[in-house]
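Observations on the model geometry
Next come the chains, spelled out residue by residue.
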Number of protein chains: 2
Amino acid sequence: MARTELPVSIDLSHHINALSKSRHPSPLKDIIKYMAYDGMISFAGGLPHSSLFPFQTASIGVYPASTVLDPINPQAPEKLDIVNFSKAELDGQALSIATAMQYGSCAGDPSVIKWAADFTNIVFQPAYSDFEILLSGGNTDAWKKVVGLLSEQGDKILVEAHTYPSSQALWIPMGCEAVPVKVDSHGMRSDDMDAILTSWEANNPGVKKPHLLYIVPVGSNPTGSTMLAQRKKEIYDACVKHDVIICEDDPYFFLQYPEYDSGFAATPGSNASTPEEYLKSLAPSFLKYDFEGRVIRLDTFSKTLSPGNRLGYFVANPVFIERLLRATEVETQAPSGWSQLVVSNLLHNWGTNGYITWLANLRDQYRTRRDYMAIFSFVPPSAGMFIWARFYLTNSPRFLKIQDSGKSVDPEQEFLDYVWAELSKALVLLTPGSYYTPWQGKDKALTKTRGSEPGVGYFRLAFSMPTREEIYMGVNRMAKVLQDCWE
Amino acid sequence: MARTELPVSIDLSHHINALSKSRHPSPLKDIIKYMAYDGMISFAGGLPHSSLFPFQTASIGVYPASTVLDPINPQAPEKLDIVNFSKAELDGQALSIATAMQYGSCAGDPSVIKWAADFTNIVFQPAYSDFEILLSGGNTDAWKKVVGLLSEQGDKILVEAHTYPSSQALWIPMGCEAVPVKVDSHGMRSDDMDAILTSWEANNPGVKKPHLLYIVPVGSNPTGSTMLAQRKKEIYDACVKHDVIICEDDPYFFLQYPEYDSGFAATPGSNASTPEEYLKSLAPSFLKYDFEGRVIRLDTFSKTLSPGNRLGYFVANPVFIERLLRATEVETQAPSGWSQLVVSNLLHNWGTNGYITWLANLRDQYRTRRDYMAIFSFVPPSAGMFIWARFYLTNSPRFLKIQDSGKSVDPEQEFLDYVWAELSKALVLLTPGSYYTPWQGKDKALTKTRGSEPGVGYFRLAFSMPTREEIYMGVNRMAKVLQDCWE
C-alpha cells in the first residue's frame, strides 16, 4: 500500500483472544490458489455455474456527484447518472455481475479493497505503511468481529461517559463491563483515561486492566461532540503508554460541521469548497497518529450513501486483518455481492473527487438541519446527526417531590421517564439519555450507585429526518411539555 | 401463518445457551412503535434522510422463469424480463429502493418474510402451526447464529460421518467436538444415532449429552446422498426421544435428481413437469415431521439464484426466532437492502409458480452435469453438486509399502496426500476427503486413532462448474494418475 517511508506496524498479537487465536484457515480456501494454474481442470470447487444465475443485466440511476439539493424541499435532480453493470469483466469497469454473484474472496472484491486502500491513504493518511483493508457488512458486523478478536468474557472495556447502546448490547451478555471515561466538549478526556489506567492496579486489585477502547470520536453518538487533532494525539499517546487498542467507530467522519453561528443561516452549496478544502476542514482520524498499528478503524457507507448497503471496511494492521478474515470465513463470508457491485461501480463512475464533492454537499445538507434545531440548544453539535440536551432537574418541584418522598430507588430516572412519557403524549419523540449509560454491572445500574451527576438528565434529539416545519412544531410541543414538567 | 389445525410448538427454551439467554432487546428498537403514531414528530430515530441517498432508479434484466438453457453451451436467452425497482412504495410492487436503502427491521423486510412464510407452507408443509421466519445473510451467517443460540463451549455436536468442513471450522475454536454418526446411501443412520445417545451416559460418564444435530440431509456435502422420507421420520423420532434440536442446512433441496440411469442421457427440459409434479418428486424436509418445533431449517438463495445475494432465512419456532433476532440486532442487522430488493422483486415478478419452474429447470441442468461425470462413479449422487468417490488403498503396492515401513503416523493420509499432489501435477484438482472428517479432538486426529475404516480414502468431485469436454478430459487425466498410483 505504498508510502514505504513510514514505519511498519509493531507486534500486537498478544491482544488477540484465545478463541480467535485458535482459528485455522478453511481448508477449502487453500485449494483456490491451485485453481488458477494454467490448464487446470477443477473438480474441487463446488461453485454453482454462473451461466445458471438468472441475473443478466443491471443498472442504477443515481444523482450526479455534484448534486446540491434544496434542504427545505429536497427534490431529485432531473438528470441522473445511469450506471450500467456488465455481466462479465470489461476493461475499465469495476466489478461485473457474474463475479459479484459468485462465491468470492471473503476479504471482498479486489476492486472495492483497492478503492478503500487508496481512499484511506488520501483522506486518513495512516502513520504506518503496512495497513490492510477487509470488507465488513457495516459497523455492527465490524464491531462484533472486533470484540470477537480482542475481548475475553468479563473484560473491562473503555468507553465514553455516554456511549452508543447497541455497541454495549453486544458484550453485556459476555459478562463484560464498561469503564466510562469523562468527556468534555472536545470528547473523551485523555487526562481522565490516563488517570484511570495509571491507578488501575491500585484501585482494582486483581482485575484485568482494560486493553480495548471503543470510541465514536466524530459526532459522538449521542453527545455530538467531535475530538479534534490535539485531543486525538493525547488519547493515542495514552493508549501507547498503557498498551490499549483503539476501535475507532467513525460513521460520521464526513459530517463534520463548522461552529454554530446563530446569525448565519447555512445554505447548502453556498460555501462551496474544493475537495481539498473540504478534506482540510475535517478533524483527522486516529490513523493519522497511528505509527504502531494499534487503531482498528471501522468505516461504513451507511451514512454517506445509505444504510441498506450494509457495507463497510476495516483498516488495521495485517495481523489483526488476517484474524478478522478467518472469522469472516466462518461467520458471514463476504458482504452482499449486490452491495459490492453497486458501490464499486458508483464510486468508479463518480471518481474519488466526485465522491468527495458528494460528501462535502451532504455535510452541508445535514449542517442546515442542525442549524434549524440548534435554535434552542446550548451545545450545537460539531458533527453527526444529534443534539445532546442536558436538563437540570433540581429546578423542577415535581422532581424535588419525588426525591424528597424517599420512595423512589432512582428519582432522576423516574422523573425523566415521566417527562419522556409526557412528551410522547404530546406527539414529540426523543431518545432517553439513559440508553447511553455505560453498563458497569448490576451493582451500578442506578443514578446513585454508579456515581452519575445527581439532579441532571439527558435526552438525544436527531435532526437528520424531520423537515424544518416539523422541527419548529416539535420544538414548540417540547417547550410546552417542559414548562409543565418544570411548572 | 395459517394452518391453525396443527399443534403449536412445545417449549424448547432449555436448549438456549447462557449467552443467548442474557441478551436484551436493543432499547433503541423499542422506540420504533411510537414512531408510527399519527402526527408524531420524531427527534428520536437518528436515521439518515432518504432524499439524501443517491440511488433514484434501478432495474435488472433477468432470465424469464421458464428459461431452458443448453447444458453444453449455455447461452443467455435473447429476451430478458426487465424488473424495475421504484424509488417509493407503489401498489402491487414488492420492496422499494427508499425502504431497502434505509435502516429497517432486523428481521428483514415484510415482503420477503411473507413470501418465505407462504413458500414454506406450500413446499415444506411444517407439522406445527406457529413457525416463524427470520432473514439471514446466507447459511454461513445462519449456522453461526444457531451455534450462538444453542452451543456452550466444549459441547459435543452430532454430525454425519463425513461433514462440511466450514461448519465445524466455526466451533472447533470453541473447544466443541463432533460425534460422528454412521451414514449409508440414504444418509445418516437413525439406528446408530439412537444407539450413541441411548448408551451415552454409560460410554461417556460425566460428559454432557449432545443436544444439537447438524445435518445436510439433501445432496450431503460431500457424500451426495439424500435422506428420503422414511429415514427422516426415523431421525426425527430419535431426536424427540433424546431431546435433540435438528439444524437442517439444506442448500441443495431443490437439486434432487432421479436415480442415475447409464442408458439414458438426460436433456434439460425433456422431462418437463408441472410445478406440482416437480415438488412431488422431492424428498420432504424435516419440517414435514416437525410437530414439536425442534427443527431449525436454514434456507438460502445461494444455489438457486446465486451466492452473491448472501441472503437466506431461518424457519423455526417463535422462541428460537426471537433469540436469533436479538443476536441479529447486535451482530449483523438485516441482510443487504440491495439483496432484499432484488430477490423480493424478482420473486414478485416471476411469481411462486414461475420460481418453482425455474427450480425444476435448474435441477435438470445440474442433473445433466452429474450424468456426464457419473460415467466413472459407482455411487451417483441423488442431489447437490458433488460425487463422493471411495478408493480402496490396499490394492496399491505404494500404499502397502508406506504402511509396512512403520515410519508413517498415518499411512492412509500420507498416500492420499501423494495421490492428490500427483493429480494436481497432472492438472486435475479434487478436494481431499480428509477435509470432511468430523473433528473429535486432537487425540482422534489420525485415521487409526479416530477409528476410521483402515485402507480406505475419499475424494470429492464437483460437477457444477466444468463443461462436458472438461469433465471428459479431467476424468482421462485422473484415470492415468490413478493407474500410476495403483501401478
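Residues numbered from 1 in each chain as written. Chains lettered and ligands numbered in written order. Predicted model: local features only at pLDDT ≥ 70, side-chain atom pairs only at ≥ 80, totals over all residues. Heavy atoms only, no water.

**With respect to the overall build of chain A**
In terms of regular secondary structure, chain A is built from 16 helices and 16 strands. Over its C-alpha atoms chain A spans a radius of gyration of 24 Å, differing by no more than 12% from the 23 Å that the globule rule assigns to 487 residues. Oriented by its inertia axes, the alpha-carbon framework of chain A measures out at about 85 × 60 × 45 Å. Here chain A holds 487 residues, and the buried ones make up 60% of them. (Helix = DSSP H or I, 4+ residues; strand = E, 2+ residues; numbered from the N terminus. Rg over C-alpha atoms; globule rule 2.2 N^0.38 Å. Buried < 20%, exposed > 50% of the residue type's maximum accessible area, 1.4 Å probe, protein only.)

**Quick word on the packing of helix α8 (residues 190–198) of chain B against helix α10 (residues 229–241) of chain B**
All names here are of chain B. Orientation of α8 relative to α10, taken along the N-to-C sense of each, is 10°, at an axis distance of 9 Å. The pairing of α8 with α10 is recorded here as roughly parallel in orientation. Contact with α8, carried on its side by S190, M193, D194 and T198, involves R231, E234, I235, A238, C239 and K241 of α10 and no other residues of that element. Taken together, the residues that form the contact of α8 with α10 break down as 4 nonpolar, 2 polar and 4 charged. (Axes fitted to C-alpha atoms, helices over the stretch in contact; angles between N-to-C directions. Parallel < 35°, antiparallel > 145°, perpendicular 65-115°, else oblique. Contact = heavy atoms within 4.5 Å. Nonpolar A, V, L, I, M, F, W, Y, C, P; charged D, E, K, R; others polar.)

**Some points on the environment of B:T304**
All names here are of chain B. Residue placement: T304 occurs in the loop between β11 (295–300) and β12 (312–316). Separated by 54 residues in sequence, T304 and W358 place their C-alpha atoms 8.6 Å apart. Setting aside its immediate chain neighbours within four residues, T304 contacts F254, Y355, W358, L359 and L362. Separated by 3.0 Å, the side chains of T304 and Y355 make a polar contact. (Polar contact = N/O pair within 3.5 Å; in protein donor to acceptor, adjacent residues only side chain to side chain.)

**With respect to the pairing of strand β13 (residues 386–392) of chain B**
All names here are of chain B. The element β13 is extensively covered by neighbouring structure, given that 5 of its 7 residues are classed as buried. Two elements, β13 and strand β16 (residues 456–462), share 7 bridges in a ladder whose sense is antiparallel. Across the sheet, the residue bridging to A389 is F459, located in β16. (Pairing = 2+ DSSP bridges.)

**Quick word on the pattern of salt bridges**
Residues and elements named next belong to chain A. Going through the model one piece at a time under the given rule, you end up with 50 salt bridges over all chains. Among the salt bridges present, the one from E453 reaches R390, with a minimum N-O distance of 2.8 Å. Here E453 is found in the loop between β15 (431–432) and β16 (456–462), whereas its partner R390 is found in strand β13 (residues 386–392), with 63 residues between them in sequence. R390 sits in the partly exposed class, given a relative accessible area of 33%. Because the salt bridges share partners, they merge into one network encompassing E248, D250, R297 and D299. (Salt bridge = Lys/Arg side-chain N within 4 Å of Asp/Glu carboxyl O.)

**A short note on the domain arrangement of chain A**
Residues and elements named next belong to chain A. What the domain assignment lists for chain A is domain 1 (13–31 + 103–369) and domain 2 (385–486). Taking only C-alpha atoms into account, the centre of domain 1 sits 29 Å from that of domain 2. Across the contact, 24 residues belong to domain 1 and 18 residues belong to domain 2. Across the domain 1/domain 2 interface, buried area totals approximately 1700 Å², and carbon plus sulfur atoms make up 62% of it. Of all residues in domain 1, H162, P222 and R369 give up the largest surface area on contact with domain 2, accounting jointly for 32% of the area buried on that side. Taken together, domain 1 and domain 2 are joined by 0 salt bridges. Our count for the domain 1 to domain 2 interface comes out at 8 residue pairs in polar contact (both at pLDDT 80 or more). (Domains from an automatic or database assignment. Buried area = accessible area lost by both parts, 1.4 Å probe.)

**What to know about the sheet that holds β16(B)**
Taken together, 3 strands build an open sheet; the order of strands is β13-β16-β15 (chain B) and the sheet is antiparallel. Strands with a single pairing partner mark the edges of an open sheet, and in this sheet they are β13 and β15 (431–432) of chain B.

**A look at the sheet that holds strand β2 (residues 55–62) of chain A**
Whether parallel or antiparallel, the strands of a sheet pair through hydrogen bonds between backbone atoms. Pairing within the open sheet is antiparallel, and its 4 strands lie in the order β3(A)-β2(A)-β2(B)-β3(B). Lying at the two open borders of the sheet, with one neighbouring strand each, are β3 (81–85) of chain A together with β3 (81–85) of chain B. Neighbouring strand axes in the sheet, compared pairwise and without regard to direction, differ in orientation by 15° on average. In the sheet, strand β2 (residues 55–62) of chain B pairs with β3(B) via 5 bridges, with the strands oriented antiparallel. Note on β3(B): the bridge partner recorded for B:G61 is B:I82. Lying over the sheet, helix α13 (residues 337–373) of chain A contacts β2 and β3 of chain A together with β2 of chain B, oriented at roughly 130° with respect to β3(A). Taken strand by strand, helix α13 (residues 337–373) of chain B contacts β2 of chain A together with β2 and β3 of chain B, and its axis lies near 130° from that of β3(B).

**Quick word on the side chain of B:S220**
Looking at the element boundaries, B:S220 is found in the loop between β9 (212–215) and α10. What B:S220 contacts, discounting residues up to four positions off in sequence, is B:E160 and B:S225.

**Let's talk about the relation of the copies chain A and chain B**
With an RMSD of 0.0 Å, the fit of chain A onto chain B corresponds to turning through 180° and sliding 0.0 Å along the axis. Such values leave the two copies arranged in the relation of a two-fold axis. When the interface residues of chain A are mapped onto chain B, 100% of them again fall at the interface, so both copies present the same face. (Least-squares fit on C-alpha atoms with pLDDT ≥ 70 in both.)

**Looking at unusual backbone geometry**
At the junction of A:N221 and A:P222, the peptide bond is cis and its omega measures out at 20° in the coordinates. One can find A:P222 in the loop between β9 (212–215) and α10 (229–241). The phi angle at B:D243 is positive, at roughly 55°, despite the residue not being glycine. Examined against the element boundaries, B:D243 turns out to sit in the loop between α10 and β10 (245–249).

**Here we look at the interface of chain A and chain B**
At the junction of the two partners, chain A supplies 109 residues and chain B supplies 109 residues. Where chain A abuts chain B, roughly 9000 Å² becomes buried across the two surfaces, and 66% of that area is made up of carbon and sulfur atoms. When the buried area of chain A at its contact with chain B is split by residue, A:F43, A:L52 and A:L429 rank highest and sum to 10% of it. Applying the counting rule to chain A against chain B returns 0 salt bridges. A per-element tally of the side of chain A that touches chain B places α13(A) first, with 12 residues. Residues that form the side of chain A that touches chain B fall into these classes: 65 nonpolar, 31 polar and 13 charged.

**Notes on the packing of aromatic side chains**
Residue and element names in this part refer to chain A. One pass over the structure, following the stated rule, counts 54 aromatic pairs over all chains. Centre to centre, the rings of W115 and F301 are 5.8 Å apart; their planes meet at 45°, and the pair counts as tilted. Residue W115 is found in helix α5 (residues 110–123), and its partner F301 is found in the loop between β11 (295–300) and β12 (312–316); the two are separated by 186 residues along the sequence. You'll find W115 and F301 in the same group, each marked buried. Arranged with centres 6.3 Å apart and planes meeting at 85°, the rings of F119 and F124 form a pair that is edge-to-face. (Phe/Tyr/Trp six-rings, centres within 6.5 Å; stacked < 30°, edge-to-face > 60°.)

**Digging into helix α6 (residues 139–150) of chain B**
Residue and element names in this part refer to chain B. Taking 1.5 Å per residue, 12 residues should reach 16 Å; α6 reaches 16 Å between its end C-alpha atoms and fits that length. Counting buried positions along α6 gives 11 out of 12 residues, so the element sits mostly inside the fold. Among the residues of α6, N139, T140, D141, A142, W143, K144, K145, V146, V147, L149 and L150 are the ones counted as buried. (Expected span 1.5 Å × (residues − 1).)

**Some details on the packing of helix α14 (residues 397–405) of chain A against helix α15 (residues 411–425) of chain A**
All names here are of chain A. One can describe the packing of α14 onto α15 by two numbers: an axis separation of 9 Å at closest approach and a directional angle of 140°. On the basis of their axis angle, the class for α14 and α15 is oblique. Judged by the sense of rotation from one axis to the other, the crossing of α14 with α15 is right-handed. Of the residues in α15, those touching α14 at R398, F399, I402 and Q403 are P411, E412, E414, F415 and Y418. Of the residues belonging to the contact of α14 with α15, the class tally is 5 nonpolar, 1 polar and 3 charged. (Left-handed = near helix turned anticlockwise from the far one by under 90°.)

**A word on the pairing of β10(B)**
Residues and elements named next belong to chain B. Buried residues dominate β10, accounting for 5 of its 5 residues. Side chains I245, C247 and D249 project from β10 onto one buried face, and the interleaved I246 and E248 project onto a second face that is buried too. Relative to β10, β9 is paired through 4 bridges, and the arrangement is parallel. Looking at β10, one finds that L212 is bridged to I245. Considered for its hand, the β-α-β crossover made up of β9, α10 and β10 is right-handed. Relative to β11, β10 is paired through 4 bridges, and the arrangement is parallel. Across the sheet, the residue bridging to I246 is V295, located in β11. (Right-handed = clockwise from strand over helix to strand, strands pointing away.)

**Digging into helix α12 (residues 318–331) of chain A**
Residue and element names in this part refer to chain A. Relative to the 20 Å expected for 14 residues at 1.5 Å per residue, α12 spans 20 Å between its end C-alpha atoms, a close match to the ideal helical length. Counted residue by residue, α12 has 11 buried out of 14 residues, so it is predominantly covered. Every buried residue of α12 is listed here: F320, I321, R323, L324, L325, R326, A327, T328, E329, V330 and E331. For α12, the capping residue at the N-terminal end is N317, with a side-chain oxygen 3.0 Å from the backbone nitrogen of V319.

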